[in-house]
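# Fold and geometry: a report
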Amino acid sequence: VVLGRPRSGWIRLEVLDSGEGFTPTALKQALDPFFTTKTTGTGIGLSIAEGFVRAAGGKLKLENRAEGGARVTLDLPEAEENP
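Residues numbered from 1 in each chain as written. Predicted model: local features only at pLDDT ≥ 70, side-chain atom pairs only at ≥ 80, totals over all residues. Heavy atoms only, no water.

## Focus: the nonpolar core
Note on soluble globular proteins: their nonpolar side chains tend to be buried together. F22, A26, A30, V53, L60, L62, A70, V72 and L74 together form the largest nonpolar core, which totals nine residues. Counting only elements with at least two residues in this core, the list comes to β3 (59–64) and β4 (70–77). Those residues within four positions of F22 in sequence are excluded, and the remaining contacts are L27, L62, E63, N64, A70, R71 and V72. (Core = buried A, V, L, I, M, F, W, Y, C linked by side-chain atoms within 4.5 Å. Buried < 20%, exposed > 50% of the residue type's maximum accessible area, 1.4 Å probe, protein only. Helix = DSSP H or I, 4+ residues; strand = E, 2+ residues; numbered from the N terminus. Contact = heavy atoms within 4.5 Å.)

## Things to note about the pairing of β3
In terms of strand pairing, β3 meets β4 through six bridges, oriented antiparallel. Looking at β4, one finds that K59 is bridged to D75. Counting the residues that bridge the hairpin from β3 to β4 gives five residues, and of these G68 lies at a positive phi of roughly 105°. (Pairing = 2+ DSSP bridges.)

## Re helix α2 (residues 45–55)
Looking only at α2, the buried set comprises S47, E50 and V53. Angularly, the buried residues of α2 cover 125° about the axis, an arc narrow enough to put them on a single face. Every exposed residue of α2 that faces more than 90 degrees away from the buried side is listed here: G45, F52 and A55. Where the residues of α2 are buried, they touch β3 and β4. (Arc of directions from axis to C-beta.)

## Overview of the sheet that holds strand β1 (residues 2–4)
Strand order in the open sheet formed by four strands is β1-β2-β4-β3, with antiparallel pairing between adjacent strands. Of all strands in the sheet, those with a lone pairing partner are β1 and β3, marking the two edges. Taken over all neighbouring pairs, the strand axes of this sheet differ in orientation by 15° on average, direction set aside. (Axes fitted to C-alpha atoms, helices over the stretch in contact; angles between N-to-C directions.)

## Some thoughts on the pattern of salt bridges
Tallied over the entire structure, the rule returns seven salt bridges. Across the pair R5 and E78 runs a salt bridge whose closest N-O atoms are separated by 3.2 Å. One end of the pair, R5, is in the loop between β1 and β2 (10–16); the other, E78, is in the segment after β4, with 73 residues separating them in the sequence. Judged by relative accessible area, E78 falls into the partly exposed class, the value being 34%. With a closest N to O distance of 3.3 Å, R71 and E63 form a salt bridge. (Salt bridge = Lys/Arg side-chain N within 4 Å of Asp/Glu carboxyl O.)

This is the structure in structure tokens:
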């Protein structure tokens, strides 16, 4: 996991792996509810995660890394400090 601040007021979390990455179909459909490439599971994990991120005013992005593997990027607005 990589944590950064791409611009003021935002937090970026990147989750990287070194596997095979996403297939072209998975890149297009991975955020769809009930889409899965696995033999077990429901296929709702990424869909739910995207819903939470959007509800917080953020964005979730999936892509393949040039060096191999996948990258999931979450850009979230920083929380306001309580006085």
